[in-house]
Amino acid sequence: VVFFFVFVDFCLRLQISTLCPGGSVVIGGFYLPNHRKQKTNEMISLIYFFFFLSLSLTSNGQFFDESKNYEGSSDLVNLQYHMGPVISSPATSLYIIWYGRWNPTHQSTIRDFLYSVSSPTPIQYPSVSDWWKTVRLYRDQTGSNITETLVLSGEFHDSTYSHGSHLTRFSVQSIIKTAVTSKLPLNGLNGLYLVLTSDDVEMQEFCRAICGFHYFTFPSIVGATVPYVWVGNSKKQCPEMCAYPFAQPKPFPGSGFVTREKMKPPNGEAAIDGMISVIAHELAEVSSNPMLNGWYGGEDAMAPTEIADLCLGVYGSGGGGGYMGSVYKDRWRNVYNVNGVKGRKYLIQWVWDLTRNRCFGPNAMN
């Protein structure tokens, strides 16, 4: 056990990809994906915490104590507000940029998730919009909470790979520039841009350190400062990293890792269902920390621990230490934790609840 944690500590601090493929961390037999760039010191603290937390689990993943109040610990979290803005417009205009060649069925699945965040019609509890209520708890120095309504206001299809199939982080800003020059408005008032790349597009650090990220554009490139999110389709590159828990990593010889039963994705495609959880993760963080001076923990604003980072791998009550928590299964044994529009179901990770001081989602048991 001691050797294991020394090894993990060594990998995280030195980020040696040959020893820790994908920059991922194995805890309790599961890979926990790092959706943002590696946040070394904070992740090390969380690994130790989840390990000792897991000692209180029985063999079937249930806690001895009937209380399920174990999702995170305020003693290990230094989440602070740094006086910057949050995305607080009464309604935020969301623009999707589909980069590469996309399956229309997959696009519909993602669109329906985005529609579910602010659905005008009631959705069966627990819903995606109920999950968003936890995100909305965060506010800026004027007392304004995060936006209640995300409105899908436009889409751009870049099926010609205008900037190639090998991208860098800065390439995303050029992709946005192409989109706003060709079709989409450049909305510096209440715009949010979501860049989604197809499964044949490679991104700098994708699979090794990130599954998605958020940032803001530079006026010198795009013409204005606007927040944006990038998320990649991991189907051909690293589903075991970015489509957790619907895909499992292959065990390394002699590692002792045992492949567990794969979770069935609620919409029938592991990479897309995994991608939706990453989209949810990044939407929560870009809304609470759009300019990197809002809500986050840690000393480095360029490598912050944000409100979704604190809850990696937690999808239900009791989650942590490699156990995803209590979730639902439908009649086909597909796994989910929230409901969406058109009868859709999704599995999205929890976020840090500012009032409860722990990870929380609408499917919580208490």
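Residues numbered from 1 in each chain as written. Predicted model: local features only at pLDDT ≥ 70, side-chain atom pairs only at ≥ 80, totals over all residues. Heavy atoms only, no water.

- Under the annotation held in an unreviewed UniProt entry, the chain carries the name Protein EXORDIUM-like 7 and is attributed to Eutrema salsugineum.
- Per UniProt, the chain has the following entry under Subcellular location (unreviewed entry): "Secreted, Extracellular space, Apoplast". (UniProt positions renumbered as here; feature names shortened; annotations may be inferred.)

## A short note on the environment of P219
Argument step 1. Tracing the backbone through its elements, the reader meets P219 in the loop between strand 9 (212-216) and strand 10 (227-232).
Argument step 2. Sequence spacing of P219 and Q173 is 46 residues, and the spatial spacing of their C-alpha atoms is 9.9 Å.
Argument step 3. Discounting residues that sit within four places of it in the chain, P219 has contacts with A224 and T225. (Helix = DSSP H or I, 4+ residues; strand = E, 2+ residues; numbered from the N terminus. Contact = heavy atoms within 4.5 Å.)

## Focus: helix 7 (residues 270-288)
Argument step 1. Taking 1.5 Å per residue, 19 residues should reach 27 Å; helix 7 reaches 28 Å between its end C-alpha atoms and fits that length.
Argument step 2. The buried fraction of helix 7 is high, at 18 of 19 residues. (Expected span 1.5 Å × (residues − 1). Buried < 20%, exposed > 50% of the residue type's maximum accessible area, 1.4 Å probe, protein only.)

## Focus: the packing of aromatic side chains
How two aromatic rings sit relative to each other is set out by the distance from centre to centre and by the angle between their planes.
Argument step 1. Summed over all chains, the structure comprises 17 aromatic pairs.
Argument step 2. Centre to centre, the rings of F113 and Y346 are 5.3 Å apart; their planes meet at 75°, and the pair counts as edge-to-face. Here F113 is found in helix 3 (residues 104-117), whereas its partner Y346 is found in strand 15 (residues 345-346), with 233 residues between them in sequence. No difference in accessibility class separates F113 from Y346, as the two residues are buried.
Argument step 3. Between W350 and F360 the ring centres are 6.1 Å apart and the planes differ by 45°, which places this aromatic pair in the tilted class. Highlighted residues: W350 in the loop between strand 15 and strand 16 (351-353) and F360 in strand 17 (residues 358-360), separated in sequence by 10 residues.
Argument step 4. Residue class for W350 comes out buried when judged on its relative accessible area of 0%.
Argument step 5. Grouping aromatic residues by their ring pairs yields a cluster made of F170, Y215, F216 and F218. (Phe/Tyr/Trp six-rings, centres within 6.5 Å; stacked < 30°, edge-to-face > 60°.)

## Digging into the pairing of strand 7 (residues 191-197)
Argument step 1. The buried count for strand 7 comes to 7 of 7 residues, which makes it a mostly enclosed element.
Argument step 2. Here strand 7 shows a buried face lined by G191, Y193, V195 and T197 and a second buried face lined by L192, L194 and L196.
Argument step 3. Bridge count between strand 4 (residues 91-99) and strand 7: 7 bridges; the pairing is parallel. Residue pairing for strand 7: Y95 is matched across the bridge by Y193.
Argument step 4. Pairing of strand 7 with strand 10, which is carried by 5 bridges, proceeds in the parallel orientation. Counterpart to V195 in the pairing with strand 10 is W230. (Pairing = 2+ DSSP bridges.)

## Here's the deal with the nonpolar core
Argument step 1. Core analysis: the largest hydrophobic core is formed by 80 residues, its most contacted members being I110, F113, L114, W131, I176, L196 and I279.
Argument step 2. It is helix 7 that provides the largest number of residues to this core, a total of 9 residues.
Argument step 3. Leave out the neighbours within four places in its chain, and L196 touches I96, I97, W98, Y99, W102, I110, V231, M275 and I279.
Argument step 4. Grouped together as the second largest cluster of nonpolar side chains are 6 residues, Y244, F246, M324 and V335 included. (Core = buried A, V, L, I, M, F, W, Y, C linked by side-chain atoms within 4.5 Å.)

## Focus on the pattern of salt bridges
Opposite charge on two side chains permits them to pair, given that their charged atoms come into close proximity.
Argument step 1. Per the counting criterion, the structure on display carries 9 salt bridges.
Argument step 2. The partner of D112 in a salt bridge is K342, with the nearest N and O atoms 3.3 Å apart. Pair noted here: D112 is in helix 3 and K342 is in the loop between strand 14 (338-339) and strand 15, with a separation of 230 residues, a long-range link.
Argument step 3. On the basis of relative accessible area, D112 is assigned to the buried category, the value being 4%.
Argument step 4. Assessed through its relative accessible area of 72%, K342 is described here as exposed.
Argument step 5. Put simply, R356 and D353 hold a salt bridge, and the shortest N to O gap is 2.8 Å.
Argument step 6. Assessed through its relative accessible area of 1%, D353 is described here as buried.
Argument step 7. A network of salt bridges, in which partner residues are shared, links D112, K342 and R344. (Salt bridge = Lys/Arg side-chain N within 4 Å of Asp/Glu carboxyl O.)

## Here's the deal with the confidence of the model for the chain
Argument step 1. In the predicted model, the chain carries a mean pLDDT of 83, and the fraction of residues at 70 or more is 76%.
Argument step 2. Note that pLDDT drops below 50 for residues 1-42; the model gives that stretch 110 contacts with residues more than four away or on any other chain.
Argument step 3. With pLDDT under 50 throughout, residues 44-74 is counted as low confidence; its partners more than four residues away or in other chains account for 56 contacts. (pLDDT = per-residue confidence, 0-100.)

## Here we look at the state of the cysteines
Argument step 1. For the structure on display, the rule yields 3 disulfides.
Argument step 2. A sulfur-sulfur separation of 2.0 Å characterises the disulfide bridge that pairs C211 with C242. On the sign convention where negative is left-handed, the bridge of C211 and C242, at about -80° about the S-S bond, is left-handed. With C211 in the loop between strand 8 (202-203) and strand 9 and C242 in helix 6 (residues 239-242), this pair connects stretches of sequence that are 31 residues apart.
Argument step 3. Looking at C242, the relative accessible area reads 4%, which means it is buried. (Disulfide = S-S within 2.5 Å.)

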